[in-house]
Every structure is written in C-alpha cells, then in structure tokens.
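Fold and contact review
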Amino acid sequence: MEDELVDELYDYDDDGNDVSSPIGSEMVGLSDQYDELKRKIINEGTDRKLAENVGLIEFYKIGKMVGLSDQYDELKRKIINEGTDLKVFSIMGMGGIRKTALARRVYEDRNVENISIFVSELYSVPEAIDHDEVVRMLREILKGKKYLIVLDDVWGSKYVEYHLQQSYKYEKNEMKNPFPDQRNGSRVLLTTRLHQVNEINHRFIDDLSVRLLNKRESWDLLREKVFGEESCPFKLEKFGKKIAENCDSLPLTIVTIASLLSEVDKTLECWSEIATHKSHQIFLEAYESVSKVLLPSYKRLPRVLQMCFLYMGVFPRKYEISLSKLSNMWRTDGFLDLKAHKISYPTEMEYLDELVSNSLTIIHHTTRDYSPFGGKQIMKTCRLHSSSWYLSNEQGRKAKFFMS
C-alpha cells in the first residue's frame, strides 16, 4: 500500500511542471527511520491528499533545463563553498520562473552530497500528524549525516521563523528545528514567491532572485520544447523568435506556448499569424493556463492590495507605470484611505513594496533618495509582467471591478 501510494503521488510544482515520475531508486542515505516516518505519514490516511498536505515525498525527475546557467552556477558555488555551518538559501521569484527547476538541478548534481528530502509547506502538517514527532524523527534521520533539504514553495515566514531562525537564537528551542547544525556543510534550500521570507534575517538566509530569461534563452527554450533534438526549419526561425519574445521571458509561458504550438501546423502562414498577433487564441489559452499558477499570489493578498493590483491592470500590457501617476490615481479613488480599510500601509510606496514582495509587480526604474536620511534606491516606475497583467484583467472582469 505504501509503495503504491507513493507511486501515485503527482502534482504540478510552483514552476507548473508535471512531476509525475518519482525516482525513489535515486534517494541517498535512506534509513529505517525514514521508512518509518514515510509509513507513518502515509498510513494516517487512505488517500494521496493527506500525503500531499504533509508534503514529504521523494524528488522527481526534471527535463532538460534551458537557460539560467549563470544563476545555477552561482547557487551551486554558494552551497558547496559557504563553510561548514548549516546554511539556509532561498530562491525567490514569481510563479513559473523555474525556482523549483533550479533547486532540483542542484539536487541532481553529483558534486552536491546530500540526503534528499523534498518538503512542501511542512508548517501546514494536518492535525492527524504529531508535528513534534515528525521533527524528532527527521532529526534522528539526519543525525551525523551531511544533507541538503529542499523546502519547496514556502508561502510565509512562520515556518522559517519558528523552525530555523529561533532555534539558532535560543538553545531551548533546539528541538523545534528538524534540521540539526552538525558543522558538516549541510544546507537547507527553500523556494518562495515571497521576498519577505528572506527579510526575517538577512544574515541567516542567503537569497537568490531568479531572473527572467533573455531573448536567446527564450528562443532556445521554445525551440527545444517544440522540436526537441531536431532543428527548427529556417523559414520558421524568424517568427519563432518573435513568438518567444512575446512570452515576456517567463519560462512557464514559453513552455505552455510551445505545447500549444506543437499541436498546430508548422507552416509559415500559421507561425507568422501567431507571431504578429499578441491576442492570438494560442496566447490567450496560454495566459489562462499560466494565470492558474499565479492565482495563489493574488488570493493571499489583503483585500486592499488586491484592489490595487486589479487597478494596475487598467494600464496597457507591458506599460511602464509612473509611481507618482499611480499614487495620484489611487488617492483619487480612495485606495489610500487607511481608515476605510483599517490596514497599516501608510504610503503608496509600501503598497507597491508589498506587491513587489509578492512577485506580482516588477520594478522597472529606480532613483536614489537624496534626502538627509536617504541614500537608498527608491522605486520610480514599475510594470506588470504580461502574465500578471492577464491575471489582473481576468480577476478584474470576474469581480466587475471597473463596472459602475
């Protein structure tokens, strides 16, 4: 029953990847305690949902990764060369930007020694599971071993603050931390859309913000997903590059478009029509699919920030929005009336900081603050990524946001 249930575990990760092929044979350092813990988690319920909620599963194979080689090299270098103390690294970025793919590529690297355990939102362990018992058993499993633990798709600071940071501050909380520091170079790697996870303690957590793909990487990814090992016909290359560019550099959008392109005729007429019309049905279908991955970022916002995000969708796609212009519009429509919303975001800058921290808004240009107590870079203009813009418009229509 146990192995059958594990074989049935599947889901789409934060990058939108289908992770339906477990590789239990590649697990390193499995122990009797791990088997006991896995059985305990699975046997507490009869369906796969409980095991998913607990979030303790083996890593899954991932396809060839195209692009971001510089960030992968940077992350691997840090993990290998950052000394012997237990170190926590966070990979941050919007949904679909390939945070999970980077984490998995590090896992699969033979130069990174580890016991491999994949955890998704462990802090939401169901009541049926004794949380302290899970922590105790994990500590037993990891005792005396060098490990790499990946916490995938972390949605808040509570887990990091309670289980990681506090146990390093106070010895009495040591047993609350399932990951013991044995001064052997062990690592904890987390992926998150939320920048504030890293803001708990800049000294304690080393972050990597995943960038969007450049034009060459975007085209390489689209071509690889559409044609595989075959070459792209020369007549389609010009329009293929334009289609890739229209994906606005987000890997998940590119992969989704590539999947749809694989189902249509690979003719000059067809590809040229898609490339020259950003509102082509293929793009609409892709953005609808991608918006489902981005939706949790919107749903977790306070109501007032949801309204601010929807408001930004009124600007044209990829429009560079002036902070001063946006501020005046928000004030005119009463979005900055704090008494009405009973929420403590005192300025428009903090509204935008929250949207940026939730990976829903992109900073476009900054300027230096030359005030007596300034000196740091402040936001001057921002924009919505095309996928976020679609999400904003889609949710705005559903909420009848701009209707009188």
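Residues numbered from 1 in each chain as written. Predicted model: local features only at pLDDT ≥ 70, side-chain atom pairs only at ≥ 80, totals over all residues. Heavy atoms only, no water.

Remarks on the packing of aromatic side chains
Scanning the entire structure with this criterion turns up five aromatic pairs. Ring centres 5.9 Å apart and planes at 45 degrees place the aromatic pair Phe227 and Trp271 in the tilted group. Taken together, the positions of Phe227 in helix H8 (residues 215-227) and Trp271 in helix H11 (residues 268-276) put the pair 44 residues apart, joining distant regions of the chain. Note on Phe315 and Tyr319: the rings are 5.4 Å apart at their centroids and 15 degrees apart in plane angle, and the pair reads as stacked. In this structure, Arg105 packs its charged tip against the face of Tyr72, placed 3.9 Å from the ring centre. (Phe/Tyr/Trp six-rings, centres within 6.5 Å; stacked < 30°, edge-to-face > 60°. Helix = DSSP H or I, 4+ residues; strand = E, 2+ residues; numbered from the N terminus. Lys NZ or Arg CZ within 6 Å of the ring centre and 35° of its normal.)

Examining the side chain of Ser359
One can find Ser359 in the loop between helix H16 (348-357) and strand S8 (362-368). A residue is classified by how much of its surface remains accessible, and Ser359, at 11% relative accessible area, is buried. For Ser359, the side chain forms a polar contact with the main-chain oxygen of Arg193, separated by 2.6 Å. Ignoring anything within four residues of it in the chain, the contact list for Ser359 reads Gly93, Met94, Arg193 and His195. (Buried < 20%, exposed > 50% of the residue type's maximum accessible area, 1.4 Å probe, protein only. Polar contact = N/O pair within 3.5 Å; in protein donor to acceptor, adjacent residues only side chain to side chain. Contact = heavy atoms within 4.5 Å.)

Notes on the nonpolar core
If you look at the biggest cluster of nonpolar residues, it comprises 77 residues, and the most contacted ones within it are Leu222 and Trp330. Ignoring sequence-local partners within four residues, the contact set of Leu222 consists of Gly240, Ile243, Ala244, Ile254, Ile257, Ala258 and Leu261. Residues Leu138, Tyr147, Ile149 and Phe179 belong to the second largest nonpolar core, which totals 14 residues. (Core = buried A, V, L, I, M, F, W, Y, C linked by side-chain atoms within 4.5 Å.)

Brief notes about unusual backbone geometry
Glycine aside, a negative phi is what most residues show, and trans is what most peptide bonds show. Unlike most non-glycine residues, Asp153 shows phi in positive territory, near 65 degrees. Along the polypeptide, Asp153 turns up in strand S4 (residues 148-154). Residue Asp153 is classed as buried on the basis of its relative accessible area, which comes to 14%. For Arg183, which is not glycine, the phi torsion reads 55 degrees and is therefore positive. Topologically, Arg183 is positioned in the loop between helix H7 (158-169) and strand S5 (187-192).

Quick word on the confidence of the model for the protein
Residues of the protein with pLDDT of at least 70 account for 66%, and the chain-wide mean is 75. Confidence drops under a pLDDT of 50 for residues 41-62, and excluding neighbours within four residues, the segment shows 72 contacts in the predicted structure. In the predicted structure, residues 166-173 sits below a pLDDT of 50 and forms 10 contacts with residues beyond four places in sequence or in another chain. (pLDDT = per-residue confidence, 0-100.)

Quick word on a positive patch on the surface
Among the surface-exposed residues, Lys292, Lys299, Arg397 and Lys398 lie close enough to one another that they form a single positively charged patch. At the level of secondary structure, the elements contributing two or more residues to the positive patch comprise helix H12 (281-299) and helix H17 (386-398). For Lys299, the location among the structural elements is in helix H12. Relative accessible area serves as the criterion here: at 53%, Lys299 is assigned to the exposed category. (Patch = residues over 30% accessible without salt bridge, like charges linked within 9 Å, V, L, I, M, F, W, Y side chains within 5 Å. Areas by Shrake-Rupley, 256 points an atom, 1.4 Å probe, with all protein chains shown as cover. Salt bridge = Lys/Arg side-chain N within 4 Å of Asp/Glu carboxyl O. Lys, Arg positive; Asp, Glu negative; His and termini not counted. Charge placed at Lys NZ, Arg CZ, Asp CG, Glu CD.)

Examining the pattern of salt bridges
Side chains that differ in sign of charge can pair as their charged atoms come close. Counted under the stated rule, the structure contains 12 salt bridges. Residue Asp70 is joined to Arg211 by a salt bridge in which the shortest nitrogen-to-oxygen separation is 2.8 Å. Highlighted residues: Asp70 in helix H4 (residues 69-81) and Arg211 in the loop between strand S6 (205-209) and H8, separated in sequence by 141 residues. Residue Arg383 pairs with Asp248 through a salt bridge whose shortest N-O separation is 3.3 Å. Of the two residues, Arg383 is situated in strand S9 (residues 377-383) and Asp248 in the loop between helix H9 (234-246) and helix H10 (251-261); the sequence distance between them amounts to 135 residues. Residue classification places Arg383 among the buried residues on the basis of a relative accessible area of 11%. Classification of Asp248 as buried rests on a relative accessible area of 5%. A cluster of three or more residues bridged by salt bridges with shared partners is formed by Asp70, Arg211 and Glu217.

So, the environment of Arg139
Residue placement: Arg139 occurs in helix H6 (residues 131-142). The buried category is assigned to Arg139, whose relative accessible area is 12%.

Let's talk about the environment of Tyr147
Assignment of secondary structure puts Tyr147 in the loop between H6 and S4. With 38 residues separating them along the chain, Tyr147 and Gly185 place their C-alpha atoms 8.0 Å apart.

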